[in-house]
Amino acid sequence: EHSTVQDSHLCVYSSETKAQPNRLLCYMVTTYNMFSVTTANRSPATKLVRRYVTTTKWDLVVLDEVHHSAADTYKPLIETLVHNSKRILGFTGTLCRGEPAGTSTSGLSREEIQAQKFDFIGQVLYSRTCTELENEGLIAKVRRMEISTRLTPDFEVAHQEVQGSCKKYVESLHPRKLNAVWMLVRMHSAIGEIGMIFVNHLLHAKIVQRMLGDRCETLSGGNAHGSEGVHTAEANADIVNRFNRGEIDVIVSTPVGGEGLDVHNARFRYVIVVDAHGGQAPASQKLGRLSRTPRLPVQPGESRDDQRRRRLATQKEGAYYEVVTPDTEEVNAANARHEQFRHDGYDYCSLEYAELVTQAT
């Protein structure tokens, strides 16, 4: 859309669109999943295109969200592309992956550890912290808050009795946590702001959506909705577009919406994390949904300092909340996320549930 590439040279290859590559002059756009898995249920046509992808001598390979490339599932494909390409570039807002259990990193800095993970692609050419970008007015000014919501007595007994996934459901769906989410949404709605709520499971999404009412929609993947209907990429994109147009006040998102969403409504000012047991990169990606701020092109005769001052004057401000249940596994997950956020330059403040109730009333 924003280039001079001809349609005959462009090959979009995904589960929905399967164009054939131009073997003389090809610009291919695809996903990591499309060719990383070599399962028998792939169609013969897709297997042929995969062979083309993995044997072509590419002039340039661009890896968006490059932090995924070090995953065991994707790394063999990426190593093949690195070997076959003249140039390779990776982009991400979160160059990090969690450490496997038992991994020794003694004596290495965080930057050295992450460099080792991605050195099969190449060296890091450019890196900035979120704080540096905030200070330039290039991303929104986001402040973090952790809200502590203790289990009610009945749920505390239930938490002691159950095991497995039920234990996580009890610690993440108890009345105080849901009340905290409701109060945060209502406080922001009162000043005309809209937001996103992140959950790990569809059960949480359904409960939160039912609690918040008609102007709330859920993003989920594949057949997650079961008999209630399939959420395709197109259906999710429609929800995001309605949010950007102001027709929806809250998006409740399962992990499918953790990255890559084009959310640009200027009233989008808060993110609430109800439960999150993912790694460091998903945590930063969730906060990153909130980071877009108005883009101001340089004006004729304007100095860089003047442009920076103009950016800062119109910089969006946002709030990122994590609602955590003390004395549960949620605390360990939250502490792991704090490490990544500290590296990004984000501090945080803590608030007890009772204090939130006082502020809300």
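This structure is a prediction, so every number in the text was calculated from the model and none was measured. (Residues numbered from 1 in each chain as written. Predicted model: local features only at pLDDT ≥ 70, side-chain atom pairs only at ≥ 80, totals over all residues. Heavy atoms only, no water.)

To continue, consider the overall build of the protein. On a plain count of helices and strands, the protein comes out with 14 helices and 11 strands. With 361 residues in all, the protein has 42% of them scored as buried. For the protein, the proportion of contacts with a sequence separation of at least 24, taken over those separated by at least 6, is 69%. For the protein, the accessible area works out to roughly 19700 Å², and carbon and sulfur atoms hold 52% of it. (Helix = DSSP H or I, 4+ residues; strand = E, 2+ residues; numbered from the N terminus. Buried < 20%, exposed > 50% of the residue type's maximum accessible area, 1.4 Å probe, protein only. Contact = heavy atoms within 4.5 Å. Areas by Shrake-Rupley, 256 points an atom, 1.4 Å probe, with all protein chains shown as cover.)

One open sheet holds the 7 strands; their spatial order is β7-β8-β6-β9-β10-β5-β11, and the pairing between them is parallel. At either margin of the open sheet sits one strand with a lone partner, and together these are β7 (216–219) and β11 (348–352). Averaged over neighbouring strand pairs, the angle between their axes works out to 20° when direction is ignored. (Pairing = 2+ DSSP bridges. Axes fitted to C-alpha atoms, helices over the stretch in contact; angles between N-to-C directions.)

This paragraph deals with the pattern of salt bridges. One pass over the structure, following the stated rule, counts 15 salt bridges. The residue Asp327 makes a salt bridge to Arg150 at a minimum N-O spacing of 3.0 Å. With Asp327 in the loop between β10 (317–324) and α13 (329–344) and Arg150 in the loop between β5 (141–148) and α6 (153–161), this pair connects stretches of sequence that are 177 residues apart. Of the residues examined, Asp327 reaches a relative accessible area of 66% and is grouped as exposed. For Asp306, the salt bridge identified is with Arg309, shortest N-O distance 2.3 Å. Pair noted here: Asp306 and Arg309 are both in helix α12 (residues 304–313), with a separation of 3 residues, about one helical turn. Assessed through its relative accessible area of 35%, Asp306 is described here as partly exposed. The network of salt bridges with common partners includes Glu217, Arg242, Arg245 and Glu247. (Salt bridge = Lys/Arg side-chain N within 4 Å of Asp/Glu carboxyl O.)

This model, assessed by the stated rule, comprises 2 cavities of 30 Å³ or more. The computed volume of the largest cavity comes to approximately 40 Å³. Elements that contribute at least two residues to the lining of the largest cavity include exactly β10 and α13. Class assignment for the residues of the lining of the largest cavity results in 6 nonpolar, no polar and 5 charged. (1 Å grid on protein atoms, 1.4 Å probe; cavity = no way out; pocket = protein on both sides within 12 Å on 5 of 7 lines; lining within 4 Å. Points joined across faces, edges and corners; volume = space filled by probe spheres on them. Nonpolar A, V, L, I, M, F, W, Y, C, P; charged D, E, K, R; others polar.)

Here we come to the environment of Lys286. Looking at the element boundaries, Lys286 is found in helix α11 (residues 280–288). Take Lys286: its relative accessible area is 10%, and that puts it in the buried class.

Counting residues in each nonpolar core, the largest one holds 26 residues, and the members touching the most others are Val185, Ile197, Val250, Val252 and Ile272. Only α8 (175–190), α9 (202–212), β8 (250–253), β9 (268–273), β10 and α14 (353–360) provide two or more residues apiece to this core. It is α8 that provides the largest number of residues to this core, a total of 6 residues. Beyond its immediate sequence surroundings of up to four residues, Ile272 is in contact with Val181, Leu184, Val185, Met196, Ile197, Phe198, Tyr321 and Val323. Judged by nonpolar contacts, the second largest core, of 25 residues, contains Ala140, Ile248, Ala276 and Tyr346. (Core = buried A, V, L, I, M, F, W, Y, C linked by side-chain atoms within 4.5 Å.)

Backbone geometry places Glu65, a non-glycine residue, at a positive phi of 45°. With respect to the helices, strands and loops of the structure, Glu65 is situated in the loop between β3 (61–64) and α3 (75–84). One non-glycine residue, Asp327, lies in the positive phi region at around 60°.

Applying the stated criterion across every chain yields a total of 6 aromatic pairs. An angle of 80° between the planes, with centres 5.6 Å apart, marks the rings of Phe243 and Phe268 as edge-to-face. Of this pair, Phe243 sits in helix α10 (residues 233–244) while Phe268 sits in strand β9, and the two are 25 residues apart along the sequence. Note on accessibility: Phe243 and Phe268 belong to one class, buried. Put simply, the rings of Tyr320, Phe341 and Tyr346 touch in pairs and so form one group of aromatic residues. (Phe/Tyr/Trp six-rings, centres within 6.5 Å; stacked < 30°, edge-to-face > 60°.)

Moving on, we come to the side chain of Ser69. Position of Ser69 relative to the elements: it lies in the loop between β3 and α3. Classification of Ser69 as buried rests on a relative accessible area of 0%. At 2.6 Å, the side chain of Ser69 forms a polar contact with the backbone oxygen of Val66. With near-sequence residues (within four places) excluded, Ser69 lies in contact with Tyr74, Lys75, Ile78, Phe118, Phe120 and Ile121. (Polar contact = N/O pair within 3.5 Å; in protein donor to acceptor, adjacent residues only side chain to side chain.)

Relative to each other, α8 and α9 sit at 50°, their axes nearing to 11 Å. Taken together, the axis directions place α8 and α9 in an arrangement best described as oblique. In this structure, the crossing between α8 and α9 has a hand that is right-handed. Residues Leu178, Val181, Trp182, Val185 and Arg186 of α8 touch α9, and the partners they reach there are Ile207, Val208, Met211 and Leu212. Grouping the amino acids of the contact of α8 with α9 by side-chain chemistry returns 8 nonpolar, no polar and 1 charged. (Parallel < 35°, antiparallel > 145°, perpendicular 65-115°, else oblique. Left-handed = near helix turned anticlockwise from the far one by under 90°.)

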